[in-house]
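Chain residues, written in single-letter form:
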Amino acid sequence: MQKEEQVVSKNKENVLPKDVVVDSLFQIQEAYDALRPAKAAFYSAILPGLGQAYNKKYWKIPIVYAALGTGVYFYVNNNNQYNRYRDAYKSRLAGFETDEFYYSATGEKLDEPRVTTDRLETAQQFYKKNKEISLLVIIGMYALNIIEANVDAHLLQYNVDENLTLAPHYNFNQVNANNDVGLTLNFKF
């Protein structure tokens, strides 16, 4: 209410801040900042979640870190499994029978290994592929974080007022007992 009084008043002492614009109907709006989306994307590129904080969408930050953390977790897990099977495979190729698959869960040495050499090679390929997919997921989530911050900053500046509305409608037609579904576009001058 106080800002509106400043606008209506013709006194030069009541000056609006530079980021506020007054339209023809004396409605106060924030000025359009063309660099806001670029700043949000830049901040998210520097530190994931920082662009969401810049847009004041703090609830999105845990989602960003959960998505990135899940990718990192699977990458580390697949990398550990890959190294485990690779080390056992290299040990077998060198002629040793000392890898973990020659021992039972109680620590007794078995006559035959629990996992054959061919299966060790197959497991290496499987975990290597999963490791690479996990890395792609991390990169994708990082890029999605940047894109989301940019798009959200664009949408924050979108002019939303009652002069232009697009609304879905549903109506039950009692004459012929049909359902009418559609969109209504209202444009006011």
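Residues numbered from 1 in each chain as written. Predicted model: local features only at pLDDT ≥ 70, side-chain atom pairs only at ≥ 80, totals over all residues. Heavy atoms only, no water.

## Side note on the nonpolar core
Next, step 1: In this structure, Tyr82, Tyr85, Ala88, Tyr89, Phe101, Val115, Leu120, Ala123 and Tyr127 together form the largest nonpolar core, which totals 9 residues.
Next, step 2: Listed by contribution, the elements that provide at least two residues to this core are α4 (61-93) and α5 (117-156).
Next, step 3: Of all the elements, α4 adds the most residues to this core, at 4 residues.
Next, step 4: Other than its neighbours up to four places away in sequence, tyrosine 82 contacts Gln124, Tyr127, Lys128 and Lys131. (Core = buried A, V, L, I, M, F, W, Y, C linked by side-chain atoms within 4.5 Å. Buried < 20%, exposed > 50% of the residue type's maximum accessible area, 1.4 Å probe, protein only. Helix = DSSP H or I, 4+ residues; strand = E, 2+ residues; numbered from the N terminus. Contact = heavy atoms within 4.5 Å.)

## So, the packing of helix α2 (residues 36-46) against α5
Next, step 1: One way to put it is that α2 packs onto α5 with a least axis distance of 8 Å and a crossing angle of 155°. What the angle tells us is that α2 and α5 run roughly antiparallel. The element α2 and its partner α5 pack so that their crossing is right-handed. Taking contact as the criterion, the partners of Arg36, Pro37, Ala38, Ala40, Ala41, Ser44, Ala45 and Ile46 in α2 are, on α5, Tyr142, Asn145, Ile146, Ala149, Asn150, Ala153, His154 and Leu156.
Next, step 2: The class makeup of the residues in the contact of α2 with α5 is 11 nonpolar, 4 polar and 1 charged. (Axes fitted to C-alpha atoms, helices over the stretch in contact; angles between N-to-C directions. Parallel < 35°, antiparallel > 145°, perpendicular 65-115°, else oblique. Left-handed = near helix turned anticlockwise from the far one by under 90°. Nonpolar A, V, L, I, M, F, W, Y, C, P; charged D, E, K, R; others polar.)

## Concerning the packing of aromatic side chains
Next, step 1: What the rule picks out here adds up to 6 aromatic pairs.
Next, step 2: With centroids separated by 5.1 Å and ring planes inclined at 80°, the aromatic side chains of tyrosine 43 and tyrosine 54 adopt a geometry described as edge-to-face. Taken together, the residues tyrosine 43 in helix α2 and tyrosine 54 in helix α3 (residues 50-54) connect sequence positions 11 residues apart.
Next, step 3: Overall, tyrosine 43 belongs to the partly exposed group, its relative accessible area being 30%.
Next, step 4: Centroid distance tyrosine 85 to phenylalanine 101: 5.2 Å. Interplanar angle 15°. Geometry classified as stacked. Of this pair, tyrosine 85 sits in helix α4 while phenylalanine 101 sits in the loop between α4 and α5, and the two are 16 residues apart along the sequence. As far as burial versus exposure is concerned, tyrosine 85 and phenylalanine 101 are alike and both buried. (Phe/Tyr/Trp six-rings, centres within 6.5 Å; stacked < 30°, edge-to-face > 60°.)

By themselves, these figures tell us nothing about what the structure is for.
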